[in-house]
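Residue strings, one per chain:
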Amino acid sequence: MKLTEDQARALCDGCVDIVTQAELTMRLDHGRPLRVKLGIDPSGPLLHLGHAVVLRKLRQFQDFGHEAVLIVGDFTAQVGDPTGRQDARRPRSRGEIESDMRTYADQAGAIVDLARAKIVYNSEWLAQLTFADLMRIAGNVTVARMLERDDFSKRYQSGEAIALTEFLYPLSVAYDSVAVRADVELGGSEQLFNLVMGRRLQEDFHQPPQVCMTLPIIEGTDGVQRMGKSLDNYIALRDAPNVMFGKVMSIPDSVLVRYWRLATTAPRAEVDAIERDIAATTLAPRDAKLRLAEEIVKLYHGASAAEAAREHFAKTVVRKELPDEVPPFALPAASDPISITKLLVWLGWAASNREAQRLVVQGAVKVDGARVEDPKWTERSWIGRVIQKGNHEFARIVAEKP
């Protein structure tokens, strides 16, 4: 099962870091299937295009005959990952974690071949460790080594608090590599420290150290910060086609080519040509973005859904028309007048009246095609009205059946 030179080059294509290239080449030359690890912590119910960048590399390893090990970090999510943050990610309750991870495998299945993947939960081994076990593992790692991580170092030098649990996170995910005897670990470029920690811990356990391969971080729809659920700048793999298309169209032109490179499967030569044409002004960024949106929707929903989403965008956003089909929302019977903010909460488009008011003030809400300007607008009956949030969410208010 020895890979050709082109296949080996393809596995490295697009990576930010490979620690080390020589070891990867040597292991590929041995011809045995490699155990390739990818860990995902349940930090919300949805996987997004940022996760997809790494998942596609995992699928590429699968396609070349290697074993994919997808680790759902149900245990480490209880610790909280501070990576790349000046404040640690909030640890999550067991109930929240279980709710999120129920759908992770199915979502990953949009990219990874689950029939040929091994899905494990790190509570299987981490929850079994005794305090004495943890002391022995921690004894292999110095504080100086932990402070090699940039965010820890900066916080320490500025006198900001670093909780001991934050040190335990990279140690825990490093032990995952020991538990599954990983040959290769994949992750985002901000995860390099954690991946290298796994490599070092494997050496302490007398295992061959894993090869660490990181992939680029994709910016969110704001075009500035990395895509994340907590920042609400993400495009979920499970977004409806119309919503996914609209979100892609909202990205700034500055990240257009990066989305072509990181969020699609388009060949490098095709993306290079798109980049050249945009620079030469022979291809308008808007036209390149329309093609991009259609390409991304096609990846997760198919060609016909992508074509329909493009027409929906042209109808509702470009021509400012209502969509052909508007989903009904049955309004509960009420004797008192209902405000637009309360209606938005009932629709599930806002978590609170305050958030609903903010949407109205920002101009994100329309009724029958007209923008709502007064967050205190109240009606005794909304029946028959079409409510719109942004460019992609519509609801026609109908009477609740008795």
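The preceding data block contains the structure.
Rules behind the numbers
Residues numbered from 1 in each chain as written. Predicted model: local features only at pLDDT ≥ 70, side-chain atom pairs only at ≥ 80, totals over all residues. Heavy atoms only, no water. Core = buried A, V, L, I, M, F, W, Y, C linked by side-chain atoms within 4.5 Å. Buried < 20%, exposed > 50% of the residue type's maximum accessible area, 1.4 Å probe, protein only. Contact = heavy atoms within 4.5 Å. Helix = DSSP H or I, 4+ residues; strand = E, 2+ residues; numbered from the N terminus. Pairing = 2+ DSSP bridges. Axes fitted to C-alpha atoms, helices over the stretch in contact; angles between N-to-C directions. Right-handed = clockwise from strand over helix to strand, strands pointing away. Parallel < 35°, antiparallel > 145°, perpendicular 65-115°, else oblique. Left-handed = near helix turned anticlockwise from the far one by under 90°. Nonpolar A, V, L, I, M, F, W, Y, C, P; charged D, E, K, R; others polar.

Undergrad: Explain the nonpolar core to me, please; I cannot follow it from the model alone.
TA: Here is a general trend for soluble globular proteins: nonpolar side chains tend to be buried in one another's company. With 63 residues, the main nonpolar core has L49, L55, V184, L186, Y259 and I296 as its most contacted residues. For L186, the contacting residues outside a window of four places in its chain are V36, K37, L38, V54, K57, L58, F61, L195 and M213. In this structure, V69, Y175, M197 and L201 belong to the second largest nonpolar core, which totals 19 residues.

Undergrad: Honestly, the environment of E166 in this entry has me stumped. Any pointers?
TA: Counting through the fold element by element, E166 comes out in helix α10 (residues 164–180). Taking relative accessible area as the criterion, E166 reaches 5% and is therefore assigned buried. The sequence separation of E166 and E379 amounts to 213 residues, and the corresponding C-alpha distance is 51 Å.

Undergrad: What should I look at first to understand the sheet that holds strand β9 (residues 365–367) in this one?
TA: Strand order across the open sheet formed by five strands is β7-β13-β12-β9-β10, with mixed pairing between neighbours. With one partner strand each, in any of the chains shown, β7 (328–331) and β10 (370–371) form the two edges of the open sheet. In this sheet, β10 lies alongside β9 in antiparallel orientation, the contact comprising two bridges. From the neighbouring strand, V367 faces β10, where its bridge partner is A370.

Undergrad: Looking at this model, I keep getting lost on the sheet that holds strand β6 (residues 211–215). Mind explaining?
TA: The strands that make up a sheet pair up through hydrogen bonds in the backbone, lying either parallel or antiparallel. The six strands are arranged β1-β6-β5-β2-β3-β4 in an open sheet whose pairing can be described as mixed. Each end of this open sheet is capped by a strand with a single partner; those strands are β1 (17–19) and β4 (117–121). The mean inter-strand angle of the sheet, taken between neighbouring strand axes irrespective of direction, is 20°. Packing of helix α11 (residues 192–204) onto the sheet brings it into contact with β1, β5 (184–188) and β6, and relative to β6 it is tilted by some 170°.

Undergrad: Even after reading the chapter, I still don't get the pairing of β5, so can you show me in this structure?
TA: In regular strands, side chains alternate between the two faces of the sheet. For β5, a buried count of five out of five residues is recorded, marking the element as mostly surrounded by other parts of the structure. Across three bridges, strand β2 (residues 35–40) lies against β5 in parallel orientation. By the bridge assignment, V36 is partnered in β5 with V184. As paired elements, β5 and β6 share five bridges and run parallel to each other. Of the residues in β6, the one forming a bridge with E185 is C212. In this fold, β5 hands off to α11, which returns the chain to β6; that crossover is right-handed.

Undergrad: Can you walk me through the packing of α10 against α11 in this structure?
TA: To describe two helices that pack against each other, one gives the angle between their axes and the distance between the axes. The contact between α10 and α11 brings their axes to 8 Å, and the two run at 55°. Considering their axes alone, α10 and α11 lie oblique with respect to each other. When you trace α10 past α11, the crossing you get is right-handed. Residue-level contacts link Y169, P170, L171, V173, A174, Y175, S177 and V178 of α10 to F193, N194, M197, G198, L201 and Q202 of α11. Split by residue class, the contact of α10 with α11 holds 10 nonpolar, four polar and no charged.

Treat this as a map of the structure, not an account of what it does.
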